[in-house]
Amino acid sequence: MAGSGHYHIDFGGSMTKRKTAAVVLAAGMGTRMRSALPKVLHPVAGRPMLRALLDTVEDLAPERVVVVVGPGMEAVGRAAAPHATAIQEQRLGTGHAVGCAGAALGGFDGDVLVLYGDTPLVTRKTLDRMLEARRKAPEPVVVVLGFRPRDPGEYGRLLTDPATGEVTAIVEHGEATPEQRAVGLCNSGVMVVDGARLFGLIDRLGADNAKGEYFLTDIVALARKDGGRCVFVEGTEEELIGVNSRKDLARAEAIAQDRLRDAAMEAGATLIDPSTVYFHHDTRLGRDVVIHPHVVFGPGVTVGDGVVIKSFCHLEEAEVGRGALLGPYARLRPGAEIGEDAHIGNFVEIKKAKVEKGAKVNHLSYIGDGRVGPGANIGAGTIFCNYDGFDKAFTDVGAGAFIGSNSALVAPVKVGDGAIVGAGSVIAKDVAGDALAVTRGPHREIPGWAARYRAKKKKKKD
Ligand code: UD1
Ligand code: MG
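Fair warning: this is a prediction, and the values are worked out from it, not measured in the lab.

Our next topic: helix 7 (residues 195-203). Of all the residues in helix 7, the buried ones are G195, A196, L198, F199, L201 and I202. The inward-facing, buried residues of helix 7 contact helix 3 (94-100), helix 4 (102-105), strand 6 (111-116), strand 10 (186-194) and helix 8 (219-225). Looking at where helix 7 begins, the residue whose side-chain oxygen comes 2.9 Å from the main-chain nitrogen of A196 is D194.

What follows is the structure, encoded as structure tokens:
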């Protein structure tokens, strides 16, 4: 309903449910990243920054989301799924990019949230404040999200009317006078715009600037010319960092990690030295989990209540049951399932294997493609020989079994419940329950041999 005027009905003063759509700009390759990977696919806390942003946007339950991508950026399109993508054939600026989303938005006349794919840490709370500002009478046409970074650098600057506090224009750094560059209030790139007016404003943008681009930021001055109001909401530098280089990416990662650490502690985990624990965005911790310094979580890890993870553990795609004890120096690889109260000790690697309730694998072992039954004890240096160079095979250790130190279990093989394997054995055949299996050579001893040997050697040297 572009051009027909915009109104909404307010029921009893409460905020009415207004429609929101989002346009996310992600057509830039991000040349300053010096990467074969499009900028918005670089991960923050293990998830592409575009995904991180979309997860926040999805939280608002918008009617429609359109991601603007460059030609040939299919991988970005896949990361944007299930949302629509619009292709910006030529990178003619942020205003032009928003224009490319017009067709996909199909005459949407609610509130349009514009976000930049390289500004992924903006919070739901801040977006809510912007939508609120947009819906407060007299309704502004544009709400800009501003912030005051310690170093304003090359961000665009918000010019405001000292009397009303309204935004009169946004000037890009390259276009700004020295006085304008002295302004500390910067443009984050995030905006909420009246959808009924947005594309009319975009159509009127010119590219008469040093970069020769259609700047989205110029819609503020245009809306003012039409007598519309533009206001700003202020966010924090932490959430509005724009990622243009690897250095920025590392800064964004540090901010995301701090958020995850805070969330873990708020949910009831103890982190003895939070700054040394690295989470993945999807890490799930139970209550009263204690994490010692220097622990790294890869994707897909779930940790039950009361688990203690000692220093230098690395976990990915693993599940740890309540009360288990890990580390120090344990490695859980994909498919590791650690049962309740089980112990996994130092230099133990578990892959695609279940260590059931109360079982112990305490030292220097590889447990791959198998099961360790409840209460079983795996001695130091035990290896599950799961691979013959072609195929993987399964090792099954029964409940309460005891595997002596430095044993090799050659899969496929099964050690029955309660069986004992003597230390140093190579077990390539199944062992019956409650049996003893030993495959060491017999003990042979020659009295006095060592002394005679030394004497002979010494004589030769003299
Ligand atoms: C932009 C803003 C600046 C703001 C800064 C905040 C403009 C003109 N400038 O500058 O005021 O302070 O962000 O980080 O908007 N993009 C496209 N197509 C294009 C151009 C850009 O999709 O043709 C996308 C990029 O992929 C990126 C985003 O828009 O995700 C911003 O572009 P970028 O070149 O990084 O703009 P800045 O120079 O950072
Ligand atoms: Mg940028």
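Turning our attention to the domain arrangement of the protein chain. Split by domain assignment, the protein chain resolves into domain 1 (6-240) and domain 2 (268-437). Averaged C-alpha coordinates put domain 1 and domain 2 at centres separated by 48 Å.

Attention now goes to the coordination of the magnesium ion (ligand 2). Protein coordination at the magnesium ion (ligand 2): the donors are D118 (OD) and N244 (OD1), at 2.5 to 2.7 Å from the metal. Note that D118 is positioned in the loop between strand 6 and helix 5 (124-134) and N244 in the loop between helix 9 (237-240) and helix 10 (246-266), a separation of 126 residues in sequence.

Let us look at the packing of aromatic side chains. One pass over the structure, following the stated rule, counts five aromatic pairs. Between F279 and F297, the ring centres sit 5.1 Å apart and the planes meet at 15 degrees, which makes this aromatic pair stacked. Taken as a pair, F279 in the loop between strand 13 (277-278) and strand 14 (284-285) and F297 in strand 16 (residues 295-297) lie far apart in primary sequence, 18 residues in all. Per residue, the accessibility class of F279 equals that of F297, and both read buried. Seen from their ring centres, Y329 and F347 are 4.9 Å apart, and the 15 degrees between their planes marks the pair as stacked. A residue pair is termed long-range when its members are at least 10 positions apart, and Y329 in the loop between strand 21 (325-326) and strand 22 (330-332) and F347 in the loop between strand 24 (343-346) and strand 25 (348-355) qualify at 18 residues. Overall, Y329 belongs to the partly exposed group, its relative accessible area being 36%. Members of the aromatic cluster, joined through ring pairs, are F312, Y329 and F347. Between R261 and the ring centre of Y278, over which it is positioned, the NZ or CZ distance is 5.0 Å.

Looking now at the pairing of strand 1 (residues 20-26). In summary, the side chains of a regular strand alternate between the two faces of the sheet. When you tally the buried positions in strand 1, you get seven out of seven residues, the bulk of the element. Burial of the side chains of strand 1 extends over both faces: T20, A22, V24 and A26 are buried on one face and A21, V23 and L25 on the other. Where strand 1 meets strand 6, six bridges bridge the pair, whose relative direction is parallel. By the bridge assignment, L25 is partnered in strand 6 with Y116. Where strand 1 lies against strand 4 (residues 64-69), six bridges are found, and the strand directions are parallel. Following the sheet pairing, A22 is matched in strand 4 by V65.

What counts and how
- Residues numbered from 1 in each chain as written.
- Chains lettered and ligands numbered in written order.
- Predicted model: local features only at pLDDT ≥ 70, side-chain atom pairs only at ≥ 80, totals over all residues.
- Heavy atoms only, no water.
- Buried < 20%, exposed > 50% of the residue type's maximum accessible area, 1.4 Å probe, protein only.
- Helix = DSSP H or I, 4+ residues; strand = E, 2+ residues; numbered from the N terminus.
- Contact = heavy atoms within 4.5 Å.
- Polar contact = N/O pair within 3.5 Å; in protein donor to acceptor, adjacent residues only side chain to side chain.
- Domains from an automatic or database assignment.
- Donors = N, O, S within 2.8 Å, 3.2 Å for Na, K, Ca; no water.
- Phe/Tyr/Trp six-rings, centres within 6.5 Å; stacked < 30°, edge-to-face > 60°.
- Lys NZ or Arg CZ within 6 Å of the ring centre and 35° of its normal.
- Pairing = 2+ DSSP bridges.

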